[in-house]
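# Descriptive structure summary
Chain by chain, the residues run as shown.
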Amino acid sequence: MAAKLFIVSAPSGVGKTTLVKELLKRYPDLVYSISHTTRAPRKGEVHGKDYFFTNKAQFMEMVESGQMLEWAQVHGNCYGTSGAFVQEHLAAGQSVLLDIDVQGGRQIMDFGLDSVSIFIMAPSLDVIEQRLRGRGTDTEEVIRTRLENAIGEIAQKSFYTHVVVNDVLDEAVAELIAIVKQETVH
Ligand code: 5GP
């Protein structure tokens, strides 16, 4: 088994969280990188499991002291990946999965870090809009911003090694698993 760094990106509303959860359930050796964020926790989210929830000052302190492998502002909040976390697991021979936005994914690709990048798409923008509305957690303004961002993110999918369309969940999960297997088993 080769330890690999997997980057999974998708516009919000594509169902990435569900897909990633399914992938981790079926592929428990994959270590999920818990990001730091200045976003407020959503209902049910747990500090240290879903995210490390921090304030802006703490976040910027981590950025300025060089602790972030990558970071970006997404939908008005800051999100970042701890470099030490990723390096420790890779050094221990464990593959790591980053669930990060396109800006963060591009930063890692630009550093030239060896990684396998996967972009998850929805069958159409209408489907993304329906999913964002169906979630019932966001305001109209948030939904509009996320849709606009989705268009910009989709435009960058060609930078990714693999593109998976999440139309039928089980099929998309199977495709993800096949990619991880193909990239880690030698
Ligand atoms: P949400 O607020 O819905 O959990 O996440 C919003 C977006 O931020 C998602 O696209 C998610 O992948 C991205 N994100 C989460 N953690 C990180 C991170 O550490 N770095 C970057 N660049 N994006 C992140």
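Look a little higher up for the structure.
Residues numbered from 1 in each chain as written. Predicted model: local features only at pLDDT ≥ 70, side-chain atom pairs only at ≥ 80, totals over all residues. Heavy atoms only, no water.

Before going further, it helps to spend a moment on helix α3 (residues 83–91). Given 3.6 residues to a turn, an α-helix orients residues that are three or four positions apart in the same direction. Burial in α3 covers these residues: G83, V86 and H89. Angular distribution of buried residues about the axis of α3 spans 145 degrees; they occupy a single face of the element. Across α3 from its buried face, at more than 90 degrees, point the exposed residues E88 and A91. The inward-facing, buried residues of α3 contact β1 (5–9), β2 (31–32), β5 (68–74), β6 (77–82) and β7 (96–99). Phi turns positive, to about 85 degrees, at G93, one or two residues after α3. (Buried < 20%, exposed > 50% of the residue type's maximum accessible area, 1.4 Å probe, protein only. Helix = DSSP H or I, 4+ residues; strand = E, 2+ residues; numbered from the N terminus. Arc of directions from axis to C-beta. Contact = heavy atoms within 4.5 Å.)

Before going further, it helps to spend a moment on the site of the ligand. Surveying the vicinity of the ligand reveals 17 residues, the closest of which are K16, S35, R39, Y51 and Y79. Contacts to the ligand include E70, whose side-chain N or O atom sits 2.8 Å from a nitrogen atom. The contact in question runs from an oxygen atom of the ligand to an N or O atom on the backbone of G80, over 3.1 Å. The protein chains hide 94% of the 510 Å² of surface that the ligand would expose on its own. (Near = heavy atom within 4 Å. Polar contact = N/O pair within 3.5 Å; in protein donor to acceptor, adjacent residues only side chain to side chain. Areas by Shrake-Rupley, 256 points an atom, 1.4 Å probe, with all protein chains shown as cover.)

On to the packing of helix α1 (residues 16–26) against helix α7 (residues 169–184). Packing of α1 against α7 brings their axes to within 10 Å, and their N-to-C directions diverge by 55 degrees. Taken together, the axes of α1 and α7 are oblique relative to one another. With respect to the hand of their crossing, α1 and α7 are arranged in right-handed fashion. Counted together, T18, L19, E22, L23 and R26 of α1 and L169, D170, A172, V173, L176, I177 and V180 of α7 form the full contact between these two elements. (Axes fitted to C-alpha atoms, helices over the stretch in contact; angles between N-to-C directions. Parallel < 35°, antiparallel > 145°, perpendicular 65-115°, else oblique. Left-handed = near helix turned anticlockwise from the far one by under 90°.)

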